[in-house]
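# What the coordinates show
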Amino acid sequence: MATTSFTKKSLGLETTEPAVTPPPATTTTTFTKKPKLGSAKSKKKDIPEGLWTKCPKCSTMVFDKELDENLKVCPRCQFHFPIGARERIHSLVETCTFEELNADMTSVDVLQFTGVTSYTNKLAEYQKSTGSKDAVITGLCKIGEHRAALGVMDFSFLGGSMGSVVGEKLTRLIEKATEKNLPIIIISTSGGARMYEGMFSLMQMAKTCGALAYHAEAKLPYISVLTHPTTAGVMASYASVGDLIIAEPGAMIGFAGPRVIKDTTQAELPPGFQTAEFLLDHGLIDAIVSRKEMKQQLTDYLSFMTHSRKAAVAAAS
Ligand SMILES: [Zn+2]
């Protein structure tokens, strides 16, 4: 307060009145000292960028190299950081066995959608930043001793939203798996249907599930892996119809967000609502598997499911 009135006077707004109470020298000193203290503090906090990452759960500073080697899992509290689709594929499949399918398929701006920027510009921007053409990578691969079809979504591409390319690439992958008698694994992470493609996005829900129905009819296993976050149109379609549904620890899984549900139902939501752990307790998912154990667990599940299938086929013939 003292400083404000002093400034007014110094600007000549009250020239007739002498400065009766000029701010004491000590006050001014305190004000000038503070920024100095602040800058000294921020200097101490100056950590070179790209070397350390702070864990949002336990606040530990983790060396980036260590985090990469640990598949982006905090070594102290096991918090699962987001991981890119290619990195994830690399962590799951046998070396040099991944044959990517439809890598160049790109979306078309059918609706001529323009928000803050046009959909075409958005696509170009994300294609540049992620190095992928859209939010899913699909292909055939080997996991352990099993040949399998694998689809991995990438949240860093437009929030992992499901547009016509995500739907079409997954549908083609499922159809390929059915044709070649292969199990399929889809690793989901998504904010839901892509609004830039309107109804075309919503149609992908039925299309993918239709292809999965043919895959199931051929008695082939489908494992759905839910990672943080898997929500909305993706959760309401192919992600929730796996023969086996597993999730990474702490993943947020649901249809609408907790705030929307709270506002709609006007009810208090239970603690841990929509986390993988909550959904395991309530029977929506079958298991929680840590990222570091994912490859081994998928191999074991595939062994179990394909052996059962072989036995079932042998018994039927
Ligand atoms: Zn941590």
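Residues numbered from 1 in each chain as written. Predicted model: local features only at pLDDT ≥ 70, side-chain atom pairs only at ≥ 80, totals over all residues. Heavy atoms only, no water.

### Here's the deal with the coordination of the zinc ion
- Around the zinc ion, the protein supplies Cys55 (SG), Cys58 (SG), Cys74 (SG) and Cys77 (SG) as donor atoms, at distances of 2.3 Å.
- Relative to the metal, the four donor atoms surrounding the zinc ion lie at angles of 105 to 113°, and the coordination shape comes out tetrahedral.
- All donors of the zinc ion come from a single chain, and their spacing in sequence reads C-x2-C-x15-C-x2-C. Of the two residues, Cys58 is situated in the loop between strand S1 (52-54) and strand S2 (61-63) and Cys77 in the loop between helix H3 (64-69) and helix H4 (85-92); the sequence distance between them amounts to 19 residues.
- Note on Cys58: relative accessible area 22%, which makes it partly exposed. (Donors = N, O, S within 2.8 Å, 3.2 Å for Na, K, Ca; no water. Tetrahedral: all angles 85-135°; square planar, octahedral: opposite > 155°, others 65-115°. Helix = DSSP H or I, 4+ residues; strand = E, 2+ residues; numbered from the N terminus. Buried < 20%, exposed > 50% of the residue type's maximum accessible area, 1.4 Å probe, protein only.)

### A closer look at unusual backbone geometry
- Following His228, the chain continues into Pro229 via a peptide bond in cis, with omega recorded as -20°.
- Look at Asn102: it is not a glycine, yet its phi comes out positive at around 50°.
- Residue placement: Asn102 occurs in the loop between strand S3 (99-101) and helix H5 (119-130).
- Backbone geometry places Leu158, a non-glycine residue, at a positive phi of 45°.

### Focus: the side chain of Arg88
- Counting through the fold element by element, Arg88 comes out in helix H4.
- Excluding its chain neighbours within four sequence positions, the residues that come into contact with Arg88 are Ile83, Val152, Ile187, Thr227, Glu248 and Arg291. (Contact = heavy atoms within 4.5 Å.)

### A word on the confidence of the model for the protein chain
- Mean pLDDT over the protein chain: 85, with 83% of residues reaching 70 or higher.
- The secondary structure element of the protein chain with the lowest average pLDDT is helix H1 (residues 2-10), at 43, and the one with the highest is strand S8 (residues 244-247), at 97.
- Per-residue pLDDT stays below 50 along residues 1-43; that stretch engages in eight contacts with residues further than four places along the chain or on separate chains. (pLDDT = per-residue confidence, 0-100.)

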